[in-house]
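# An overview of the molecular structure
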Amino acid sequence: VELTDAKVTVKDKAKEQADANRKKTLAEIAEQRDVNKEKVKELEAKIEKAKAEHDKESEYVRKADAPLQARLTSLSGQAANLNRQLFSIDSQIALVQAQLNATKDENVRNILFLELNRLGAQEGSIQAELFTLNNQAANVQQQRSTLAVRQQRADAELAAKYDQVDAELNAIAKKERRDEVAEKKASTAGP
């Protein structure tokens, strides 16, 4: 009888101990899940903040680039116009040069030399103006390149934050799977 009572007492204690361990394990798992949910919320807030910062930076770059693009287009149009003028002047110079080679009259040759000098001066002026336009275009292009680098940096920062958050979310998912296995073990474990 004493042995039977001792056996029952040991069984009851083992059952109570197993129930206590199971409850403790389930409570720890539930607590861990709450912590994981909070961590996921923090990570989602972190991503939203990063997206907002990226969008703000992208909007700034877009607004800063719009007038530069318009200026570059304008400079390109002006340069094309000056190139057409240079082509026209070069054609006129070739024509006057041909007339100069064809004539022997000294008065006509003097007039043609004067015309060549005028066209040469006009060509030099247009070339100087074209050089200035090209320098302005290069300056605008440099500013646009700086903005492009800024946009690329913002894109890279956002991608890095996404990668970091993904890694943390994957770690949380692994913990969740381990917790599920532990919960199943705790639920099915007997004394």
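What you see is a predicted model; the values in this text were computed from it and never measured.

Broken down by element type, the protein chain carries two helices and zero strands. Scaling as 2.2 N^0.38, a compact globule of 191 residues should have a C-alpha radius of gyration of about 16 Å, whereas the protein chain reaches 41 Å, well beyond that. The principal-axis extent of the C-alpha atoms belonging to the protein chain is close to 150 × 25 × 15 Å. Looking at the 191 residues of the protein chain, the share that counts as buried comes to 20%. Long-range pairs, those at least 24 residues apart, make up 88% of the contacts in the protein chain with a sequence separation of at least 6.

All chains considered together, the criterion is met by ten salt bridges. The closest approach of N and O atoms between Arg33 and Glu183, which form a salt bridge, is 3.0 Å. Placement of the pair is Arg33 in helix α1 (residues 2–102) and Glu183 in helix α2 (residues 106–188), with a sequence separation of 150 residues. With its nearest N and O atoms 3.5 Å apart, the salt bridge here joins Lys161 to Glu53. Taken together, the residues Lys161 in helix α2 and Glu53 in helix α1 connect sequence positions 108 residues apart. By relative accessible area, which is 28% here, Lys161 ends up partly exposed. Ionic contacts of the salt-bridge type, sharing partners, join the residues Arg33, Glu176 and Glu183 into one network.

As a further point, take the side chain of Asp179. Position of Asp179 among the secondary structure elements: in helix α2. No salt bridge forms around the buried Asp179; measuring N to O, its nearest opposite-charge neighbour Arg33 is 5.4 Å away. Not counting chain neighbours up to four residues away, the residues in contact with Asp179 comprise Ile29, Gln32, Arg33 and Asn36.

This paragraph deals with a positive patch on the surface. A surface patch of positive charge is lined by Lys174, Lys175, Arg177 and Arg178. On the secondary structure map, Lys175 appears in helix α2.

Together, Glu28, Glu31, Asp34, Glu38 and Glu42 give the surface a local cluster of negative charge. Counting through the fold element by element, Glu31 comes out in helix α1. Here Glu31 falls in the exposed class, since its relative accessible area comes to 55%.

Checked against the element boundaries, Glu129 lands in helix α2. Take Glu129: its relative accessible area is 43%, and that puts it in the partly exposed class. Separated by 107 residues in the primary sequence, Glu129 and Arg22 have C-alpha atoms spaced 87 Å apart.

Turning our attention to the packing of α1 against α2. In contact at an axis separation of 6 Å, α1 and α2 are set at 170 degrees when each is read in the N-to-C sense. Put simply, α1 runs roughly antiparallel to α2. Here the residues of the contact of α1 with α2 sort into 37 nonpolar, 21 polar and 24 charged.

Rules of the game
- Residues numbered from 1 in each chain as written.
- Predicted model: local features only at pLDDT ≥ 70, side-chain atom pairs only at ≥ 80, totals over all residues.
- Heavy atoms only, no water.
- Helix = DSSP H or I, 4+ residues; strand = E, 2+ residues; numbered from the N terminus.
- Rg over C-alpha atoms; globule rule 2.2 N^0.38 Å.
- Buried < 20%, exposed > 50% of the residue type's maximum accessible area, 1.4 Å probe, protein only.
- Contact = heavy atoms within 4.5 Å.
- Salt bridge = Lys/Arg side-chain N within 4 Å of Asp/Glu carboxyl O.
- Lys, Arg positive; Asp, Glu negative; His and termini not counted.
- Patch = residues over 30% accessible without salt bridge, like charges linked within 9 Å, V, L, I, M, F, W, Y side chains within 5 Å.
- Areas by Shrake-Rupley, 256 points an atom, 1.4 Å probe, with all protein chains shown as cover.
- Charge placed at Lys NZ, Arg CZ, Asp CG, Glu CD.
- Axes fitted to C-alpha atoms, helices over the stretch in contact; angles between N-to-C directions.
- Parallel < 35°, antiparallel > 145°, perpendicular 65-115°, else oblique.
- Nonpolar A, V, L, I, M, F, W, Y, C, P; charged D, E, K, R; others polar.

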